Amino acid sequence: MDSQAVKNTCTAGVDSKGFCFYKATNRIKRHLAVDTLGFPFFTHCTRANVCDDEGLLQMLKLNIDYFKAKPVNIPKITILLDRSYHPDYLSGELKKIYPQIMTKIRFERSTKPSKQEKAEPGKSGFVPAIARWVIERSNAWIERCKRLTKNFERTLAHAKTKLTFVLCD
C-alpha cells in the first residue's frame, strides 16, 4: 500500500482541496493497494492534509466487508507498508472496528536497501527496496495516464471513480 499526492486544478472543488505542507501546494492524496503483480485491489482519495495512516484506515474501513468474508483458516494477507506508516497504531484502530481482523491480515514494513546493496558494482542511482517496486510501478502507470496526472474532478468521490475506472480499463 502506498499514497501519492496529486496537484489540483482550478476546477477541483473546495471540499476536495487539502494543503500539503510537505510539497506546499493544494493537493489530493490517492491511496492505493495493489496485489503482488501490481493490479489494483483497493483505491481511496482524500485531501492532502490527511496523514497516510488515516487514509489507509479510511480505505480499509470502506472495504472491511472483504476481510470479514475471508475464512480464518487461510494464510494471513500480508500488507506491505513503507516507513511512513505505523503498524501498531493501524492494528489498534482496526481492532476497534473489527476485532478479528488481525487473525486475517498482518502488517509488514518494507526494508530499506543497505549501504552495501547500494554500493554493489553495477548499481548506481535509485536502488529499489525489496517488493516496494510493485506499488511504485503502479503509481508510475497512473502518472502515465494524462487524465490522472492532475486532479480535474470537483469531488473526492469523482476522483476515486476516475482512478478506479482508468485502472480497471
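As a reminder, the structure under discussion sits directly above these lines.
Residues numbered from 1 in each chain as written. Predicted model: local features only at pLDDT ≥ 70, side-chain atom pairs only at ≥ 80, totals over all residues. Heavy atoms only, no water.

1. Concerning the nonpolar core
Then, number 1: One finds Met1, Leu56, Leu81, Ile101, Ile105 and Phe107 to be the most contacted residues of the largest nonpolar core, which totals 19 residues.
Then, number 2: Of all elements in the fold, only helix H1 (52–62), helix H2 (64–69), strand E5 (77–81), helix H3 (87–97) and strand E6 (105–109) reach the threshold of two or more residues within this core.
Then, number 3: Here this core gets four residues from one element, more than from any other, and that element is H1.
Then, number 4: In contact with Ile101, not counting residues within four places along its chain, are Ile64, Phe67, Leu94 and Lys95.
Then, number 5: Core analysis: the next-biggest nonpolar cluster, separate from the first, contains 13 residues, Ile135, Ile142, Leu163 and Val166 among them. (Core = buried A, V, L, I, M, F, W, Y, C linked by side-chain atoms within 4.5 Å. Buried < 20%, exposed > 50% of the residue type's maximum accessible area, 1.4 Å probe, protein only. Helix = DSSP H or I, 4+ residues; strand = E, 2+ residues; numbered from the N terminus. Contact = heavy atoms within 4.5 Å.)

2. Considerations on the packing of H1 against H3
Then, number 1: Between H1 and H3, whose axes approach to 11 Å, the crossing angle comes to 30°. Between H1 and H3, the interaxial angle falls into the category roughly parallel. Of the two elements, H1 crosses H3, and the hand of that crossing is right-handed. Residues Asp53, Glu54, Leu56, Leu57, Leu60 and Lys61 of H1 form the contact with H3, whose own contacting residues are Tyr89, Leu90, Glu93, Leu94 and Ile97.
Then, number 2: When its residues are assigned to classes, the contact of H1 with H3 shows seven nonpolar, no polar and four charged. (Axes fitted to C-alpha atoms, helices over the stretch in contact; angles between N-to-C directions. Parallel < 35°, antiparallel > 145°, perpendicular 65-115°, else oblique. Left-handed = near helix turned anticlockwise from the far one by under 90°. Nonpolar A, V, L, I, M, F, W, Y, C, P; charged D, E, K, R; others polar.)

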